[in-house]
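A closer look at the structure
What follows is each chain in one-letter form.
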2 protein chains.
Amino acid sequence: MTVAVVGAGIIGLSIAWRLRERGFEVTVLDSGERGAWHVAAGMLAPGGESAFEQPWLTRLLAESGERWPAFAAALGVDVGYDDAGTLGLAMTADDLADAARVWTRQKLALLRPSELREREPALSPRVRAGVYAPTERQVDPRKVVAALRDRLDGRIVARRVERLSDVDADTVVVAAGCGTAALTGLPVRPVKGQVLRLRGEPGLLRHVLDATVDGRHVYLVPRSDGEIVVGATQEERTDRAITAGGVHDLLHAAIDLVPGLAEAELVETTVGHRPGTPDNAPLLGRLRDNEIVAAGHHRNGVLLAPITADLIAGLVAGEEDPLLEHFAPGRF
Amino acid sequence: MTVAVVGAGIIGLSIAWRLRERGFEVTVLDSGERGAWHVAAGMLAPGGESAFEQPWLTRLLAESGERWPAFAAALGVDVGYDDAGTLGLAMTADDLADAARVWTRQKLALLRPSELREREPALSPRVRAGVYAPTERQVDPRKVVAALRDRLDGRIVARRVERLSDVDADTVVVAAGCGTAALTGLPVRPVKGQVLRLRGEPGLLRHVLDATVDGRHVYLVPRSDGEIVVGATQEERTDRAITAGGVHDLLHAAIDLVPGLAEAELVETTVGHRPGTPDNAPLLGRLRDNEIVAAGHHRNGVLLAPITADLIAGLVAGEEDPLLEHFAPGRF
């Protein structure tokens with residue numbers, strides 16, 4: 001049976017890889033546009049704040065997080081998977097009041113400033129409180145995509161799909177991120193994010209930092225080579241402009257949190273669009289007899305790649321996991 | 001007589017243009033590296049704060065400023081010469097105390113906040129005071145250099161000069177900016193500056209803004225096409241890194257001053273090096289019989305291009321202006 005996957009982002013490539021492992025004849029159609037993975041920091045935060053009201057999404061995030069170590073290992077090359085864990089941080093008393101609600105639900109113990117600085121000496125003395133979340137990890141999405149492309153060598157075709165009816169395959173899997181709306185009519189909207197990449201001394205930071213700084217959410221994801229990803233703005237906009245205000249706000253929060261970053265080099269400013277849905281949970285399942293969709297992963301595309309790949313490859317093979325019913329594309 | 005000009009920055013090209021007008025056979029040797037002109041905003045501020053202690057430098061700046069309108073006109077194309085004038089601004093009471101000393105010496109009358117906002121409606125209501133300096137103008141250095149290159153068509157040779165003795169000409173003019181130190185042994189040091197270019201609504205700003213914002217000096221130079229140059233850091237460093245702290249400080253001051261700039265696009269981050277000297281006045285004059293130097297213009301290279309070109313072209317022709325003795329390269 002032939003399967004065409006429309007979209008060569010982290011979701012489409014992961015699905016294609018799993019399909020290929022199951023023996024399907026897979027082709028990935030690549031529009032050439034870099035997806036949200038190119039901008040994403042790669043935080044794997046299954047306990048993230050967005051899912052509390054959605055128990056099935058919470059479960060999907062948690063299960064995919066558990067699959068990441070094996071997924072990364074199976075790729076067979078370094079993809080920056082790092083389990084040093086995350087420090088959740090609050091700068092002011094107001095920030096703490098805000099963050100404490102989430103931390104309490106996650107059952108994370110509050111650390112004193114001295115304990116925080118023992119873990120992360122470069123932190124500002126102004127940081128008021130924080131928690132350590134050992135299960136919140138990171139991966140480098142650019143390395144993941146490069147590894148997946150290697151795995152799919154010869155199966156990726158440069159082609160922009162305008163209509164699904166133009167695609168010739170027994171089954172078509174639409175994993176086109178924000179482009180899914182135009183192909184299927186499903187309610188996937190772009191949520192703009194601006195992300196910076198700094199380069200500092202390797203070892204300046206040891207953990208992912210997930211902070212609220214004067215009411216603004218910012219994360220810092222340090223790679224082993226000294227790169228530090230700083231994100232992200234969240235704007236309901238479709239444009240691709242790097243704005244003075246967006247860059248300022250990220251730098252301001254980052255330097256407030258880690259004053260030594262003022263000396264770091266600003267090496268990249270990027271814009272991406274998260275594929276949002278009305279409830280910001282993904283759309284996973286069958287659209288028509290030979291059409292399957294896997295899109296709308298919003299902020300969780302990297303985290304959800306392993307479980308999405310397993311569920312969708314299973315669905316193509318005729319195994320309908322009961323989890324899928326909670327993410328049916330037609331639920332709106 | 002043949003003349004070789006070493007350096008294709010705004011100084012070298014201006015000199016070569018004037019020499020060619022006088023009938024000399026000129027060649028400009030271009031290392032291919034963009035000089036400080038590529039980064040410079042192009043403020044023409046002869047009343048600038050740096051020269052009060054140096055009456056001859058003050059006179060040089062003032063006379064060159066007076067020559068700019070004719071210099072720009074003679075180039076025959078639009079080089080962004082704009083005489084809308086500059087607003088000097090102070091954000092806080094401390095900033096005002098600082099700026100007032102300069103403004104008093106310049107004999108500029110203090111404007112009330114309401115008068116400032118009438119001239120420049122996009123200004124923050126937090127701006128405490130300011131002045132209008134009608135003689136402080138602007139030009140676009142990139143357009144000036146492009147126009148000069150056109151004028152010197154066929155006379156510019158791509159060649160990096162390692163030793164002056166390698167240059168075959170009756171007279172060699174060294175106008176190599178920071179590179180002058182290695183060629184001549186003269187004390188020219190690089191002073192790093194980081195500069196941003198934003199793109200906003202054309203017409204958002206009408207004047208050059210030259211401000212002190214919470215103790216930090218920043219200028220905003222609006223072009224007619226909506227580009228706004230934001231500068232500049234001033235660091236005694238030789239590296240070319242765009243730093244998180246440098247970009248942050250410029251954006252912070254710019255957005256504080258003109259809140260609407262938060263929505264402007266950040267289109268360029270650049271680094272340049274001003275060629276500084278021990279007294280930060282230029283080195284203009286004869287080094288040896290057939291070697292003349294014109295370098296070390298520090299922050300004033302664009303402003304000083306017209307008078308430098310006239311003085312040095314005259315010197316090559318045997319006319320030694322008495323002004324030159326105050327800028328003798330051997331004075332240190």
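Residues numbered from 1 in each chain as written. Chains lettered and ligands numbered in written order. Predicted model: local features only at pLDDT ≥ 70, side-chain atom pairs only at ≥ 80, totals over all residues. Heavy atoms only, no water.

Per an unreviewed UniProt entry, chain A is named glycine oxidase, and its organism is Paractinoplanes rhizophilus. As its UniProt record puts it under Catalytic activity (unreviewed entry), chain A is described as follows: "glycine + O2 + H2O = glyoxylate + H2O2 + NH4(+)". (UniProt positions renumbered as here; feature names shortened; annotations may be inferred.)

1. Quick notes on the confidence of the model for chain A
When pLDDT is averaged along chain A, the result is 95; 98% of the residues meet or exceed 70. With pTM at 0.93, the complex prediction returns an ipTM value of 0.90. (pLDDT = per-residue confidence, 0-100.)

2. Quick notes on helix H3 (residues 93-105) of chain A
Residues and elements named next belong to chain A. Taking 1.5 Å per residue as the helical rise, H3 with its 13 residues ought to reach 18 Å, and the 19 Å between its terminal C-alpha atoms agrees with that figure. When the local axis directions of H3 are compared, the greatest deviation, roughly 35°, occurs at Ala 99. Taken together, the buried positions of H3 are Asp 95, Leu 96, Ala 99 and Trp 103. Each element contacted by the buried residues of H3 is listed here: strand S4 (86-90), strand S5 (110-111), strand S6 (129-133) and strand S11 (208-213). Near the N-terminus of H3, the side chain that reaches the backbone nitrogen of Asp 94, with its oxygen 3.3 Å away, is that of Thr 92. Residue Lys 107 follows H3 closely and has a positive phi angle near 60°. (Helix = DSSP H or I, 4+ residues; strand = E, 2+ residues; numbered from the N terminus. Expected span 1.5 Å × (residues − 1). Bend = angle between axes of the 7 residues up to and from the residue. Buried < 20%, exposed > 50% of the residue type's maximum accessible area, 1.4 Å probe, protein only. Contact = heavy atoms within 4.5 Å. Polar contact = N/O pair within 3.5 Å; in protein donor to acceptor, adjacent residues only side chain to side chain.)

3. Examining the domain arrangement of chain A
Residues and elements named next belong to chain A. Examined at the domain level, chain A breaks down into domain 1 (2-78 + 139-188 + 277-331) and domain 2 (86-134 + 190-275). Measuring from the centre of the C-alpha atoms in domain 1 to the corresponding centre in domain 2 gives 27 Å. Between domain 1 and domain 2, the contact holds 23 residues from the first and 23 residues from the second. Both faces considered, domain 1 and domain 2 share a buried interface measuring about 1800 Å² in area, 60% of it formed by carbon and sulfur atoms. (Domains from an automatic or database assignment. Buried area = accessible area lost by both parts, 1.4 Å probe.)

4. As for helix H8 (residues 301-316) of chain B
Along H8 of chain B, the largest kink reaches about 35° and is centred on Ile 307 of chain B. The buried count for H8 of chain B comes to 15 of 16 residues, which makes it a mostly enclosed element.

5. Some details on the relation of the copies chain A and chain B
One copy of the chain maps onto the second through a rotation around an axis plus a translation along that axis. Turning chain A through 180° and shifting it by 0.0 Å along the axis lays it on chain B, with an RMSD of 0.0 Å. The transformation relating the two chain copies, once decomposed into turn and shift, fits a two-fold axis. No C-alpha of chain A lies nearer the rotation axis than that of His 248 of chain A, which sits 2.9 Å from it. When you check the interface residues of chain A against chain B, 100% turn up at the interface there too, and the contact is symmetric in its surfaces. (Least-squares fit on C-alpha atoms with pLDDT ≥ 70 in both.)

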